[in-house]
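Here are the chains, one letter per residue:
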Amino acid sequence: MRREPVSLTRHLRVYAYRAHTVLEFRGEIDISAAAEILPVLDRVTARPGARVVIDLRPVDFFDCSGLRLLYRARAHVQAGDGRLHLVCTHPLTLRVLRVTGLSRLLPPHATPDAALEQAAAASGSW
């Protein structure tokens, strides 16, 4: 389980893990952070067949700007026939995801491994 950072900014770390690109959001995800994250998010999620994990565990604050990033990532990945998984454990962020209904569209998991294992089980392959 070696993680090799591909990109590191104040609010985003990107690395490859189990044939997926992990976008690890960090710190306070507000309008300023979203502007920093957006170009990388678009580049990664717009690839045909993109396999992406968004990890929100290092997030301290998450507002509607973060929600817009998640909806945008989901739309891009779906359009390219890819797969998107969400990792989130912060109680307040989980509440925002539930209240907005996003947790039904993009169910959160406790770890990247949990997200990828559930996806493999759902597809019938391990």
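Below: a short report on this structure.

About the criteria used
Residues numbered from 1 in each chain as written. Predicted model: local features only at pLDDT ≥ 70, side-chain atom pairs only at ≥ 80, totals over all residues. Heavy atoms only, no water. Axes fitted to C-alpha atoms, helices over the stretch in contact; angles between N-to-C directions. Helix = DSSP H or I, 4+ residues; strand = E, 2+ residues; numbered from the N terminus. Left-handed = near helix turned anticlockwise from the far one by under 90°. Contact = heavy atoms within 4.5 Å. Nonpolar A, V, L, I, M, F, W, Y, C, P; charged D, E, K, R; others polar. Core = buried A, V, L, I, M, F, W, Y, C linked by side-chain atoms within 4.5 Å. Buried < 20%, exposed > 50% of the residue type's maximum accessible area, 1.4 Å probe, protein only. 1 Å grid on protein atoms, 1.4 Å probe; cavity = no way out; pocket = protein on both sides within 12 Å on 5 of 7 lines; lining within 4 Å. Points joined across faces, edges and corners; volume = space filled by probe spheres on them.

When two helices pack together, their arrangement is captured by the angle between the axes and the distance separating the axes. Viewed as axis vectors pointing N to C, helix α2 (residues 64-79) and helix α3 (residues 91-100) meet at an angle of 60 degrees, and their least axial separation amounts to 11 Å. Both α2 and α3 take part in a crossing whose hand is right-handed. For the pair α2 and α3, the contacting residues are Leu67, Leu70 and Tyr71 in the first and Val96, Leu97 and Thr100 in the second. Taken together, the residues of the contact of α2 with α3 break down into 5 nonpolar, 1 polar and no charged.

For the rest of this paragraph, the subject is the nonpolar core. Grouped together as the largest cluster of nonpolar side chains are 29 residues, with contacts concentrated most on Leu23, Phe25, Ile54 and Leu56. Of all the secondary structure elements, the ones that give two or more residues to this core are β2 (12-17), β3 (20-25), α1 (31-45), β5 (51-55), β6 (59-62), α2, β7 (83-87) and α3. Residue contributions to this core peak at 6 residues, all from α1. If we skip the residues at most four places from it in the chain, Ile54 touches Leu23, Phe25, Leu41, Leu70, Ala73, Leu84, His85, Leu86 and Val87. Tyr15, Tyr17, Val87 and Leu116 belong to the second largest nonpolar core, which has 7 residues in total.

What follows covers the environment of Tyr17. Among the secondary structure elements, Tyr17 is positioned in strand β2. Sequence-wise, Tyr17 and Val52 are 35 residues apart; in three dimensions their C-alpha atoms are separated by 9.4 Å.

Size it by volume and the largest pocket reaches roughly 280 Å³. Around the largest pocket sit 16 residues that line it, and Leu84, His85, Leu105, Leu106 and Pro107 are the ones nearest its centre. Within the residue set of the lining of the largest pocket, elements represented by two or more residues are α2, β7 and α5 (112-123). For the lining of the largest pocket, the residue count by class is 9 nonpolar, 5 polar and 2 charged.

Nothing here speaks to function; it is all geometry.
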